[in-house]
Structures are given as structure tokens and as C-alpha cells.
Amino acid sequence: MHAHIQNLFNIAAKPSRKVIGLMSGTSLDGLDVALCELSGDGLNTRINLLQFTTVDYDADYKQRVKAVFSKREVDLQAVTLLNPWIGLEHGRMINQCLTQWQLTAADVDVIASHGQTIFHCPKRQHNLADYGNATLQIGDGDHLAMATGIITLSDFRQKHIAAGGEGAPLAVYGDYLLFSSNSENRIMLNIGGIANFTWLPQTLDAEAVFSSDIGPGNTMMDAFIQQHYPGKYFDENSLLAKAGKVSEPLLGALKQDPFFALGFPKTTGPEVFNLAYLAKAQLASGTEQLSHADIMATLNCFSADMIISAIKQTTEKLEQFVIYASGGGIHNPLLMTQIQAALPGVSIKTTHDLGINPDAKEAVLFAVLANECLVGGKQKFSNAREGIPGVTMGKVSFAD
């Protein structure tokens, strides 16, 4: 047996594993780094979040990624060069975290890297008969492994697509394993650049689990702020949105995309919901002269309304359920107030109430996917809903 395979076997045989989960989302604010200790597998998974931090991306990093992010036409050389460069940068950031935490590479069993999505393209978006679903994450796992000296599992989304899914949302797997409860129905609502949710029935039945993207979370609001307020990356404390008034004509135009008429599950991204989409909606509604504050108020309401609509569609026959929110959107007070106001009888909490920092949740979930790759088995999703194949995900990169 090759020494690398023996090492993997030894890691899998341990009573618990230390896994660094990484998440770099569409907001491009920074790299979420979660050091987790995991034991068990499947519904018996137990996790302890030992350390968490977000390493902020500097302006140079953001500029390089934005040059190729969610664009159909880009410099292919730039994409080719960024793939290893991001892997090395993420490795440098991990090494920085390990130093701060007074740990070494030998203290960590594996890294679980999501990579950086630069284009998400499900079939119903491209409508090309010869091609299926596709997505592309860069930040090469081999470079990350070599930069840190730690075995790296990466490129999780490709197996999901190969098995018939759309490559997203992957949160459903970790949500089901970590947060299912036999005492209450739960909605795990993540409001990142794109908002998504997982429905977890208290029956614990994998075949009843429901997961889907909803539509824009923060992506359009953040892009608008970054375009018009250099040096700012988001509408802090919803100050601009609170100062504006919702434009009903613009709001109506924003809601016209065919994506919203599709049934669940479905996926989307900034390739669809971006500033060009906003400009098209303004032109269609004759609202080109709106103030920045009114546009931001409308974008905030747009995200809230689509989240509310998705939750109501999912729970229309239920009396009791609890929402556990995570992601950057939970720090948008106007957004959260609108969601709560539309669901007055519903308890809205965060994953902090379940023992997981809501800002760390997505990085933690990739650590769970890595643990399943090492020691778990297939969950019974394949007989359930379209788009949730029961597969093991993650490609292995050895550290030497």
C-alpha cells in the first residue's frame, strides 16, 4: 500500500479528526477558516468548532478575482494563472491562522476547500442542448496541499453535478447531518451572496429533505455599494437602504425573471443577478432616475420578498417550524426585520443557538463533507428529490 493511502486510512481510523473547512463565497469579503474536530459520521456526526476566523481579502486579491468572476467572456490566461495562485494564497492564509492559533500542520488531519466560484452555469441557464449542468471553482487543491503540508480535499461540486445535481446548494448534506432534530421542523436559511435554504423535517427522513437556492441575498446590494461608494463593500447597518423608499415599479420588474417561476430545487448565481440585471429592470420600469437610497431600499426588499416567498411556499401546510439563519445577511438589520415582519408567528434564530457560529457555518459544512468522504457513507437522498444525489464528494490532494 502506498504511504499516502496508508496515511488516509490511519486518519479515517482515528476516533476523531481535525479538519480545516474553507469557504470563499460570492461576496469576496474574505476566506472563512474553521478548524473543527469531528467524530462519527452520518447522523451520528459530532462536531466541535475549535477555532474560526475570516481572513480579509485585500484590494489586490478582490480586483484579480473580480476580473474573471461571473463573466462569460474573460482572459483565459488570467483564469489559468489564478487557479494555482488562489490555492497558494489560501495556503498562505491557513499558515497564518495556524501560527496565530499556535498550531502546526501536524496538528491538522485534512483541509476541506470549497475554492472560489467564478462561474455557475446550470443547464436551464445556458440552454445548450449538447451540455449539462456546470460550475467552476478555482484555487487548486494540489497547490493548497503543498503550500500547507496538509492533505487537501477539494472540488466538491463536480461530483454533485456528475451524479445529476446542479453543483449547489451543497449545504443540504451538512445541514441534514448536523442540524436535523426529532423535536422540531427546521429551515436552515443561509443568506450569502445568493440566499439558499434547507428544509429539515423532524421525522429525520432524508427522502423528505428539501434544499434550494432562493435568489439574490447580498450579491446585488453589495455590488451596488461597491460601484457607487468606493472603499465600501456593503451597506453597513442598512443605513442607505433605511434612508430610501421602496420603488414598487422597480421591485415588480426585479421579480420578473423566469428563475422565480421554477419549482424547487434550483440554483443560480451572480451570473444572473447582478448590476446588469438591475439596469435592465430599471429600464423596463422607467426608474432610471431613482436615488441611490431608493435603489438600495428596493434591492433590500427584493431579497427579503423572495426569501419570504420561498419559505411560505415550503411551509404553507405546516403550523410549526423554526428558522435558523446564517451568512452575511444576518448582519443586515433591515433585511432581517422584513423577513420577521412577514412571518410574525415564526421563531427566527441563528445557528449560534445550535452551537455553530453563523458566520462559520458554510466553512464548517465543508469540513463535514470532508469527514463524510473519509469515514461516512451515502445518505439516502438519491430516492428523494431531484438535485440531491446521494454521493461522496471531494478530490484528494496529497501534501508531497
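We now turn to the structure provided with this report.

What counts as what
- Residues numbered from 1 in each chain as written.
- Predicted model: local features only at pLDDT ≥ 70, side-chain atom pairs only at ≥ 80, totals over all residues.
- Heavy atoms only, no water.
- Patch = residues over 30% accessible without salt bridge, like charges linked within 9 Å, V, L, I, M, F, W, Y side chains within 5 Å.
- Areas by Shrake-Rupley, 256 points an atom, 1.4 Å probe, with all protein chains shown as cover.
- Salt bridge = Lys/Arg side-chain N within 4 Å of Asp/Glu carboxyl O.
- Helix = DSSP H or I, 4+ residues; strand = E, 2+ residues; numbered from the N terminus.
- 1 Å grid on protein atoms, 1.4 Å probe; cavity = no way out; pocket = protein on both sides within 12 Å on 5 of 7 lines; lining within 4 Å.
- Points joined across faces, edges and corners; volume = space filled by probe spheres on them.
- Nonpolar A, V, L, I, M, F, W, Y, C, P; charged D, E, K, R; others polar.
- Axes fitted to C-alpha atoms, helices over the stretch in contact; angles between N-to-C directions.
- Parallel < 35°, antiparallel > 145°, perpendicular 65-115°, else oblique.
- Contact = heavy atoms within 4.5 Å.
- Buried < 20%, exposed > 50% of the residue type's maximum accessible area, 1.4 Å probe, protein only.
- Core = buried A, V, L, I, M, F, W, Y, C linked by side-chain atoms within 4.5 Å.

**Focus on a nonpolar patch on the surface**
Phase 1: Taken together, the side chains of M1, I5 and F9 make up a nonpolar region of the molecular surface, amounting to roughly 360 Å² of accessible area.
Phase 2: Within the secondary structure layout, M1 lies in the segment before helix 1 (3-13).

**What about the layout of surface pockets?**
Phase 1: For the second largest pocket, the calculated volume is near 470 Å³.
Phase 2: As for the second largest pocket, its lining consists of 19 residues, of which K66, F69, A223, Q226 and L275 are closest to the centre.
Phase 3: Residue assignment for the lining of the second largest pocket shows that the elements contributing at least two residues are helix 8 (219-228) and helix 11 (275-285).
Phase 4: If one sorts the elements of the lining of the second largest pocket by residue count, helix 8 sits on top with 5 residues.
Phase 5: A class-by-class count of the residues in the lining of the second largest pocket yields 7 nonpolar, 9 polar and 3 charged.

**Observations concerning the packing of helix 8 against helix 11**
Phase 1: Close contact between helix 8 and helix 11 brings their axes to 9 Å; oriented N to C, the two are set at 90°. In terms of axis orientation, helix 8 runs roughly perpendicular to helix 11. Here M220, A223, F224 and Q227 of helix 8 lie close against helix 11, whose contacting residues are L275, Y277 and L278.
Phase 2: Class assignment of the residues belonging to the contact of helix 8 with helix 11 gives a composition of 6 nonpolar, 1 polar and no charged.

**A look at the pattern of salt bridges**
Phase 1: Summed over all chains, the structure comprises 9 salt bridges.
Phase 2: Close ionic contact of K395 with D155 constitutes a salt bridge, the shortest N to O distance being 2.8 Å. Here D155 lies in the loop between strand 6 (151-154) and helix 6 (156-162) and K395 lies in strand 12 (residues 395-397), a separation of 240 residues in the sequence.
Phase 3: Classification of K395 as partly exposed rests on a relative accessible area of 43%.
Phase 4: Note that D305 and K255 form a salt bridge whose closest N and O atoms lie 2.8 Å from each other. Residue D305 is found in helix 12 (residues 292-315), and its partner K255 is found in the loop between helix 10 (248-254) and helix 11; the two are separated by 50 residues along the sequence.
Phase 5: The class of D305 is partly exposed, set by a relative accessible area of 22%.

**Quick look at the packing of helix 7 (residues 171-179) against helix 14 (residues 361-375)**
Phase 1: Direction vectors running N to C along helix 7 and helix 14 enclose 85°, while the axes themselves pass 9 Å from each other. Classed by the angle they form, the pair helix 7 and helix 14 counts as roughly perpendicular. Between helix 7 and helix 14, the residues in contact are A171, Y173, G174, D175, L177, L178 and F179 and K361, V364, L365, V368, L369 and E372, respectively.
Phase 2: For the contact of helix 7 with helix 14, the residue count by class is 9 nonpolar, 1 polar and 3 charged.

**Side note on the nonpolar core**
Phase 1: Counting residues in each nonpolar core, the largest one holds 45 residues, and the members touching the most others are L189, L254, F302 and I339.
Phase 2: The dominant element in this core, judged by the number of residues it contributes, is helix 12, at 12 residues.
Phase 3: Residues contacting L189, with those up to four places away along its chain left out, are N196, F197, I214, I307, I311, I323, Y324, A325 and S326.
Phase 4: Of all hydrophobic cores here, the second largest spans 40 residues; its members include V19, A34, A206 and V322.

**As for unusual backbone geometry**
A negative phi holds for most residues other than glycine; trans holds for most peptide bonds.
Phase 1: The linkage connecting A168 with the following residue, P169, adopts the cis geometry, with an omega of -15°.
Phase 2: With respect to the secondary-structure elements, P169 resides in the loop between helix 6 and helix 7.
Phase 3: Not every positive phi belongs to a glycine, and N237 is a case in point at roughly 60°.
Phase 4: For N237, the position within the fold is in the loop between helix 8 and helix 9 (239-243).
Phase 5: Looking at N237, the relative accessible area reads 42%, which means it is partly exposed.

**Examining the side chain of T298**
Phase 1: Mapped onto the secondary structure, T298 falls in helix 12.
Phase 2: Its relative accessible area of 0% is what places T298 among the buried residues.
Phase 3: In this view, T298 contacts K245, V246, S247, L250, L251 and L254; residues no more than four positions away in its chain are not counted.

By themselves, these are just geometric observations and shouldn't be taken as functional.
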